[in-house]
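Report on the structure
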Amino acid sequence: MQGLVYQSLQEKKIRGAKSFALLIDPDKVTPALLQELVPRAEAAGVDYYFVGGSLVISDGLDECVLAIKALTAKPVVLFPGAPSQLSRHADALLYLSLISGRNPELLIGQHVLSAPFVKKSGLELMPTGYMVVDGGAPTTVSYISNAAPIPHDKADIALCTALAGEMLGLKLIYIDAGSGARRPVSAEMIGAVAQHIDVPLIVGGGIRTGEAAWAACQAGADVVVVGNAIEKDPALLEEIAAAVHGGVTSL
Ligand SMILES: CC(C)=CCC/C(C)=C/CC/C(C)=C/CC/C(C)=C/COC[C@H](O)COP(=O)(O)O
Ligand SMILES: O=P(O)(O)OP(=O)(O)O
Ligand SMILES: [Mg+2]
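Residues numbered from 1 in each chain as written. Chains lettered and ligands numbered in written order. Predicted model: local features only at pLDDT ≥ 70, side-chain atom pairs only at ≥ 80, totals over all residues. Heavy atoms only, no water.

Digging into the UniProt feature "binding site: Mg(2+)" (unreviewed entry) in the protein chain
As a reminder of what qualifies: UniProt positions are given in the numbering used here, feature names are shortened, and annotations may be inferred rather than shown by experiment. Secondary structure follows DSSP: runs of H or I at least 4 residues long count as helices, runs of E at least 2 residues long count as strands, and numbering of each begins at the N terminus. Burial status follows relative accessibility: with a 1.4 Å probe on protein chains alone, a residue under 20% of its type maximum counts as buried, one over 50% as exposed, and anything between as partly exposed. Between two residues, a contact is recorded if the distance between any of their heavy atoms is within 4.5 Å. Under the rule applied, a polar contact is a pair of N or O atoms within 3.5 Å (in protein, one hydrogen donor and one hydrogen acceptor; residues adjacent in sequence only if both atoms are side-chain atoms).
When the UniProt feature table is mapped onto this chain numbering, "binding site: Mg(2+)" (unreviewed entry) sits at Asp25 and Ser54. The annotated residues occupy 30 residues of the chain but converge on a single region, no pair of C-alpha atoms lying more than 9.0 Å apart. Along the chain, the position of aspartate 25 falls in the loop between strand E1 (19–24) and helix H2 (31–44). Exposure remark for aspartate 25: the relative accessible area of 11% places this residue in the buried category. Discounting chain neighbours no more than four positions away, the residues touching aspartate 25 are Gly52, Gly53, Val56 and Glu231. Residue position: serine 54 is located in the loop between strand E2 (48–51) and helix H3 (61–69). Among the polar contacts listed, one links the side chain of serine 54 to the backbone nitrogen of valine 141, at a separation of 3.4 Å.

Structure below.
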(Lines give C-alpha, C1' and ligand atoms only; values in the text may rest on other atoms or scores of the structure.)
(Ligands and ions follow the chains in the order given, each with its own letter.)
Protein backbone atom coordinates (compact mmCIF):
# COMPACT_ATOMS: atom_id res chain seq x y z
CA MET A 1 0.00 0.00 0.00
CA GLN A 2 1.48 3.31 -1.08
CA GLY A 3 1.39 6.34 1.20
CA LEU A 4 -0.19 9.74 0.75
CA VAL A 5 2.73 11.42 -0.97
CA TYR A 6 2.99 8.77 -3.66
CA GLN A 7 -0.79 8.82 -4.08
CA SER A 8 -0.64 12.55 -4.72
CA LEU A 9 2.03 12.04 -7.39
CA GLN A 10 -0.02 9.34 -9.09
CA GLU A 11 -3.26 11.33 -8.97
CA LYS A 12 -1.58 14.38 -10.47
CA LYS A 13 -0.04 12.29 -13.21
CA ILE A 14 -3.46 10.88 -14.11
CA ARG A 15 -4.89 14.43 -14.23
CA GLY A 16 -1.94 15.66 -16.29
CA ALA A 17 -1.08 18.18 -13.55
CA LYS A 18 2.59 19.12 -13.35
CA SER A 19 4.42 19.71 -10.07
CA PHE A 20 7.28 21.91 -8.95
CA ALA A 21 9.64 20.56 -6.29
CA LEU A 22 12.02 22.96 -4.58
CA LEU A 23 15.28 21.21 -3.64
CA ILE A 24 16.70 22.44 -0.37
CA ASP A 25 20.31 21.45 0.22
CA PRO A 26 20.80 21.41 4.04
CA ASP A 27 24.35 22.72 3.57
CA LYS A 28 23.12 25.84 1.83
CA VAL A 29 20.41 27.09 4.22
CA THR A 30 20.16 28.57 7.69
CA PRO A 31 17.02 28.77 9.85
CA ALA A 32 16.85 32.49 9.03
CA LEU A 33 17.03 31.82 5.29
CA LEU A 34 14.30 29.17 5.52
CA GLN A 35 12.05 31.70 7.30
CA GLU A 36 12.22 33.82 4.14
CA LEU A 37 12.45 31.15 1.46
CA VAL A 38 9.63 28.80 2.47
CA PRO A 39 6.86 31.43 2.81
CA ARG A 40 7.93 32.79 -0.57
CA ALA A 41 7.84 29.28 -2.03
CA GLU A 42 4.39 28.75 -0.50
CA ALA A 43 3.08 31.95 -2.04
CA ALA A 44 4.54 30.96 -5.41
CA GLY A 45 2.85 27.54 -5.23
CA VAL A 46 5.67 25.03 -4.72
CA ASP A 47 4.15 21.53 -4.57
CA TYR A 48 6.89 19.51 -2.84
CA TYR A 49 9.99 20.28 -0.81
CA PHE A 50 12.87 17.92 -1.52
CA VAL A 51 15.69 17.92 1.04
CA GLY A 52 19.15 16.49 0.43
CA GLY A 53 22.45 16.74 -1.39
CA SER A 54 25.03 14.49 -2.99
CA LEU A 55 27.32 15.35 -0.10
CA VAL A 56 25.95 16.90 3.07
CA ILE A 57 28.46 18.21 5.57
CA SER A 58 26.26 19.98 8.12
CA ASP A 59 24.70 17.88 10.87
CA GLY A 60 21.40 19.76 11.21
CA LEU A 61 19.16 17.67 8.93
CA ASP A 62 16.44 17.07 11.54
CA GLU A 63 16.37 20.78 12.37
CA CYS A 64 16.23 21.67 8.69
CA VAL A 65 13.29 19.31 8.03
CA LEU A 66 11.44 20.51 11.15
CA ALA A 67 11.98 24.14 10.20
CA ILE A 68 10.52 23.53 6.72
CA LYS A 69 7.59 21.57 8.14
CA ALA A 70 6.79 24.37 10.55
CA LEU A 71 6.31 26.67 7.55
CA THR A 72 4.35 24.46 5.15
CA ALA A 73 1.72 21.73 4.94
CA LYS A 74 3.14 20.54 1.61
CA PRO A 75 5.05 17.23 1.60
CA VAL A 76 8.68 17.33 2.69
CA VAL A 77 10.50 14.54 0.87
CA LEU A 78 14.03 13.33 1.56
CA PHE A 79 16.30 13.14 -1.49
CA PRO A 80 19.40 11.63 0.11
CA GLY A 81 22.85 11.17 -1.34
CA ALA A 82 23.61 8.73 1.49
CA PRO A 83 21.83 6.90 4.33
CA SER A 84 23.25 9.47 6.75
CA GLN A 85 20.69 11.90 5.26
CA LEU A 86 17.63 10.34 6.87
CA SER A 87 15.20 12.15 9.15
CA ARG A 88 12.09 10.57 10.59
CA HIS A 89 10.50 14.03 10.63
CA ALA A 90 10.08 14.07 6.84
CA ASP A 91 6.90 12.87 5.13
CA ALA A 92 8.49 10.52 2.62
CA LEU A 93 11.77 9.22 1.27
CA LEU A 94 12.90 8.95 -2.34
CA TYR A 95 14.41 5.50 -1.81
CA LEU A 96 16.96 5.87 -4.58
CA SER A 97 18.73 3.14 -6.48
CA LEU A 98 21.26 4.52 -8.98
CA ILE A 99 20.13 2.40 -11.91
CA SER A 100 22.10 4.38 -14.53
CA GLY A 101 25.37 3.36 -12.86
CA ARG A 102 27.06 0.07 -12.14
CA ASN A 103 28.24 0.94 -8.67
CA PRO A 104 26.82 -1.86 -6.51
CA GLU A 105 27.01 0.30 -3.39
CA LEU A 106 24.43 2.72 -4.80
CA LEU A 107 22.32 0.04 -6.46
CA ILE A 108 21.87 -2.11 -3.33
CA GLY A 109 24.85 -1.99 -0.93
CA GLN A 110 23.90 1.08 1.09
CA HIS A 111 20.29 -0.10 1.19
CA VAL A 112 21.32 -3.36 2.83
CA LEU A 113 23.43 -1.61 5.44
CA SER A 114 20.72 0.92 6.31
CA ALA A 115 17.66 -1.36 5.93
CA PRO A 116 16.87 -1.75 9.66
CA PHE A 117 17.17 1.99 10.23
CA VAL A 118 15.04 2.87 7.19
CA LYS A 119 12.36 0.35 8.21
CA LYS A 120 12.26 1.73 11.76
CA SER A 121 12.06 5.33 10.55
CA GLY A 122 8.39 4.91 9.65
CA LEU A 123 8.97 7.08 6.57
CA GLU A 124 6.79 6.60 3.52
CA LEU A 125 9.13 4.88 1.08
CA MET A 126 9.02 5.67 -2.62
CA PRO A 127 11.37 3.25 -4.44
CA THR A 128 12.96 5.40 -7.14
CA GLY A 129 15.04 4.52 -10.17
CA TYR A 130 17.62 7.31 -10.12
CA MET A 131 19.36 8.05 -13.42
CA VAL A 132 22.26 10.48 -13.70
CA VAL A 133 22.77 11.97 -17.15
CA ASP A 134 25.80 13.89 -18.37
CA GLY A 135 25.16 17.59 -17.82
CA GLY A 136 28.07 18.97 -19.82
CA ALA A 137 30.60 18.99 -16.96
CA PRO A 138 31.26 16.88 -13.86
CA THR A 139 28.71 17.58 -11.11
CA THR A 140 28.83 16.74 -7.42
CA VAL A 141 26.52 13.77 -7.98
CA SER A 142 28.51 12.39 -10.94
CA TYR A 143 31.73 12.61 -8.91
CA ILE A 144 30.32 11.28 -5.62
CA SER A 145 28.43 8.41 -7.23
CA ASN A 146 31.60 7.08 -8.90
CA ALA A 147 29.50 5.84 -11.80
CA ALA A 148 29.42 6.85 -15.46
CA PRO A 149 26.47 9.09 -16.28
CA ILE A 150 24.30 8.31 -19.30
CA PRO A 151 25.58 10.34 -22.29
CA HIS A 152 23.45 13.45 -22.91
CA ASP A 153 22.38 12.40 -26.41
CA LYS A 154 21.67 8.72 -25.71
CA ALA A 155 17.92 8.81 -25.17
CA ASP A 156 17.65 5.13 -26.01
CA ILE A 157 19.94 4.16 -23.10
CA ALA A 158 17.84 6.29 -20.76
CA LEU A 159 14.63 4.75 -22.06
CA CYS A 160 15.84 1.15 -21.64
CA THR A 161 17.21 1.94 -18.17
CA ALA A 162 13.93 3.50 -17.03
CA LEU A 163 11.92 0.65 -18.52
CA ALA A 164 14.04 -1.91 -16.69
CA GLY A 165 13.65 0.06 -13.47
CA GLU A 166 9.88 0.12 -13.82
CA MET A 167 9.75 -3.60 -14.65
CA LEU A 168 11.82 -4.28 -11.53
CA GLY A 169 9.03 -2.62 -9.53
CA LEU A 170 10.44 0.87 -8.91
CA LYS A 171 7.62 3.38 -8.38
CA LEU A 172 9.26 6.58 -9.63
CA ILE A 173 11.89 7.42 -12.21
CA TYR A 174 14.14 10.44 -11.58
CA ILE A 175 16.36 11.67 -14.43
CA ASP A 176 18.99 14.10 -13.13
CA ALA A 177 21.62 16.09 -15.00
CA GLY A 178 23.11 16.93 -11.58
CA SER A 179 23.08 20.10 -9.52
CA GLY A 180 24.03 23.15 -11.52
CA ALA A 181 24.41 21.12 -14.74
CA ARG A 182 25.42 23.21 -17.74
CA ARG A 183 22.84 21.39 -19.88
CA PRO A 184 19.60 20.08 -18.40
CA VAL A 185 18.22 16.71 -19.52
CA SER A 186 17.13 17.05 -23.16
CA ALA A 187 13.48 17.17 -24.18
CA GLU A 188 14.21 14.25 -26.49
CA MET A 189 15.41 12.07 -23.59
CA ILE A 190 12.53 13.10 -21.30
CA GLY A 191 10.04 12.37 -24.08
CA ALA A 192 11.51 8.97 -24.88
CA VAL A 193 11.39 7.90 -21.23
CA ALA A 194 7.93 9.40 -20.56
CA GLN A 195 6.39 7.60 -23.53
CA HIS A 196 7.49 4.21 -22.27
CA ILE A 197 6.80 4.27 -18.53
CA ASP A 198 3.62 4.55 -16.49
CA VAL A 199 5.12 5.64 -13.17
CA PRO A 200 5.58 9.36 -12.42
CA LEU A 201 8.70 10.94 -13.95
CA ILE A 202 10.83 13.45 -12.04
CA VAL A 203 13.38 15.61 -13.87
CA GLY A 204 16.04 17.88 -12.39
CA GLY A 205 19.49 19.34 -12.80
CA GLY A 206 20.47 22.63 -14.43
CA ILE A 207 16.94 24.03 -14.81
CA ARG A 208 17.31 27.82 -14.49
CA THR A 209 14.31 29.41 -16.20
CA GLY A 210 10.56 29.10 -16.51
CA GLU A 211 11.01 28.18 -20.16
CA ALA A 212 13.34 25.30 -19.30
CA ALA A 213 10.95 24.06 -16.60
CA TRP A 214 7.99 24.22 -18.96
CA ALA A 215 9.97 22.52 -21.74
CA ALA A 216 10.66 19.61 -19.37
CA CYS A 217 6.95 19.41 -18.50
CA GLN A 218 5.88 19.53 -22.13
CA ALA A 219 8.35 16.77 -22.95
CA GLY A 220 6.74 14.53 -20.30
CA ALA A 221 8.14 15.33 -16.85
CA ASP A 222 5.54 15.09 -14.08
CA VAL A 223 7.71 16.82 -11.48
CA VAL A 224 10.40 19.42 -12.16
CA VAL A 225 13.06 19.89 -9.47
CA VAL A 226 15.02 23.12 -9.07
CA GLY A 227 17.68 23.77 -6.45
CA ASN A 228 20.86 25.67 -7.45
CA ALA A 229 19.20 28.36 -9.56
CA ILE A 230 16.86 29.30 -6.71
CA GLU A 231 19.73 29.30 -4.20
CA LYS A 232 21.29 31.96 -6.42
CA ASP A 233 18.10 33.89 -7.24
CA PRO A 234 14.98 33.23 -5.12
CA ALA A 235 12.99 35.48 -7.49
CA LEU A 236 12.95 32.50 -9.88
CA LEU A 237 10.45 30.78 -7.57
CA GLU A 238 7.51 32.69 -9.01
CA GLU A 239 8.68 32.36 -12.61
CA ILE A 240 9.22 28.62 -12.40
CA ALA A 241 6.04 27.92 -10.44
CA ALA A 242 3.99 29.89 -12.96
CA ALA A 243 5.61 28.06 -15.86
CA VAL A 244 5.11 24.60 -14.36
CA HIS A 245 1.49 25.27 -13.40
CA GLY A 246 0.40 27.51 -16.21
CA GLY A 247 2.73 26.92 -19.12
CA VAL A 248 4.83 29.38 -21.08
CA THR A 249 2.88 30.78 -23.98
CA SER A 250 5.90 32.10 -25.92
CA LEU A 251 7.26 28.58 -26.50
C1 LIG B 1 18.84 5.53 2.26
C2 LIG B 1 19.75 5.19 1.16
C3 LIG B 1 19.82 3.79 0.79
C4 LIG B 1 20.48 6.16 0.57
C5 LIG B 1 21.35 6.00 -0.60
C6 LIG B 1 20.82 6.83 -1.72
C7 LIG B 1 21.52 6.63 -3.04
C8 LIG B 1 21.65 5.28 -3.60
C9 LIG B 1 21.93 7.78 -3.69
C10 LIG B 1 22.44 7.80 -5.05
C11 LIG B 1 23.61 8.71 -5.25
C12 LIG B 1 23.55 10.17 -4.95
C13 LIG B 1 24.86 10.74 -4.57
C14 LIG B 1 22.44 10.93 -5.03
C15 LIG B 1 22.39 12.41 -4.86
C16 LIG B 1 21.02 12.96 -4.81
C17 LIG B 1 20.98 14.48 -4.97
C18 LIG B 1 20.47 15.22 -3.82
C19 LIG B 1 21.32 15.09 -6.15
C20 LIG B 1 21.21 16.56 -6.48
O21 LIG B 1 20.13 16.74 -7.41
C22 LIG B 1 20.06 17.91 -8.15
C23 LIG B 1 18.63 18.21 -8.51
O24 LIG B 1 18.18 17.42 -9.58
C25 LIG B 1 18.42 19.70 -8.79
O26 LIG B 1 19.42 20.25 -9.64
P27 LIG B 1 19.75 21.82 -9.60
O28 LIG B 1 18.46 22.56 -9.79
O29 LIG B 1 20.68 22.07 -10.75
O30 LIG B 1 20.37 22.12 -8.28
O1 LIG C 1 24.67 18.29 -3.35
P2 LIG C 1 24.34 18.54 -4.77
O3 LIG C 1 24.42 17.35 -5.62
O4 LIG C 1 23.02 19.22 -4.89
O5 LIG C 1 25.40 19.52 -5.40
P6 LIG C 1 26.01 20.89 -4.89
O7 LIG C 1 25.67 21.07 -3.45
O8 LIG C 1 27.46 20.77 -5.12
O9 LIG C 1 25.36 21.94 -5.72
MG1 LIG D 1 25.26 19.82 -1.94
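Moving on, there is more to tell.
A closer look at the site of ligand 2
Applicable threshold: If even one non-hydrogen atom of a residue comes within 4 Å of a molecule or strand, that residue is called near it. Using a 1.4 Å probe, accessible areas were evaluated by the Shrake-Rupley method; residue-level cover was limited to the displayed protein chains.
Near ligand 2 the following residues occur: Asp25, Lys28, Gly53, Ser54, Leu55, Thr140, Ser179 and Asn228. Aspartate 25 places a polar side-chain atom, nitrogen or oxygen, 2.9 Å from an oxygen atom of ligand 2. Between ligand 2 and the protein, one listed contact pairs an oxygen atom with a side-chain N or O atom of asparagine 228 at 3.1 Å. Burial of ligand 2 by the protein amounts to 81% of the accessible area it has alone, namely 270 Å².

Some details on the nonpolar core
Stated formally: The set of buried Ala, Val, Leu, Ile, Met, Phe, Trp, Tyr and Cys residues whose side-chain atoms join them within 4.5 Å is what this entry labels a nonpolar core.
Membership of the largest hydrophobic core comes to 88 residues, with the highest contact counts inside it found for Phe50, Leu94 and Ile173. It is helix H10 (residues 236–246) that contributes the most residues to this core, 6 residues altogether. Setting aside its immediate chain neighbours within four residues, phenylalanine 50 contacts Ala21, Leu22, Leu23, Ile24, Val77, Phe79, Leu94, Tyr174, Ile202 and Val225.

Looking at the site of ligand 1
The condition is simple: Gly is placed with the polar residues, together with every amino acid not listed as nonpolar (Ala, Val, Leu, Ile, Met, Phe, Trp, Tyr, Cys and Pro) or charged (Asp, Glu, Lys and Arg).
Around ligand 1, a shell composed of 28 residues is seen, among which Asp176, Gly180, Gly206, Gly227 and Asn228 lie nearest. Glycine 180 places a main-chain nitrogen or oxygen 2.6 Å from an oxygen atom of ligand 1. Glycine 227 is positioned such that a nitrogen or oxygen atom in its backbone is 2.7 Å from an oxygen atom of ligand 1. When ligand 1 is considered free in solution it has 790 Å² of accessible area, and contact with the protein chains removes 99% of it. Only strand E4 (92–98), helix H4 (104–121) and strand E6 (172–176) provide two or more residues apiece to the shell around ligand 1. For the shell around ligand 1, the element with the highest residue contribution is H4, accounting for 4 residues. Among the residues making up the shell around ligand 1, the classes are represented as 12 nonpolar, 15 polar and 1 charged.

Regarding the UniProt feature "binding site: sn-glycerol 1-phosphate" (unreviewed entry) in the protein chain
In this numbering, the UniProt entry assigns the feature "binding site: sn-glycerol 1-phosphate" (unreviewed entry) to Tyr174, Ile175, Asp176, Ala177, Gly178, Ser179, Gly180, Gly205, Gly206, Gly227 and Asn228. In this structure, tyrosine 174 sits in strand E6. Among the residues examined, tyrosine 174 registers a relative accessible area of 1% and is labelled buried. For tyrosine 174, the contacting residues outside a window of four places in its chain are Phe50, Phe79, Leu94, Thr128, Gly129, Tyr130, Met131, Ile202, Val203, Gly204 and Val225. Tracing the backbone shows isoleucine 175 in strand E6. A relative accessible area of 0% means that isoleucine 175 is categorised as buried. When sequence neighbours within four positions are dropped, the list of residues in contact with isoleucine 175 reads Met131, Val133, Val185, Met189, Ile190, Val193, Leu201, Ile202, Val203 and Gly204.

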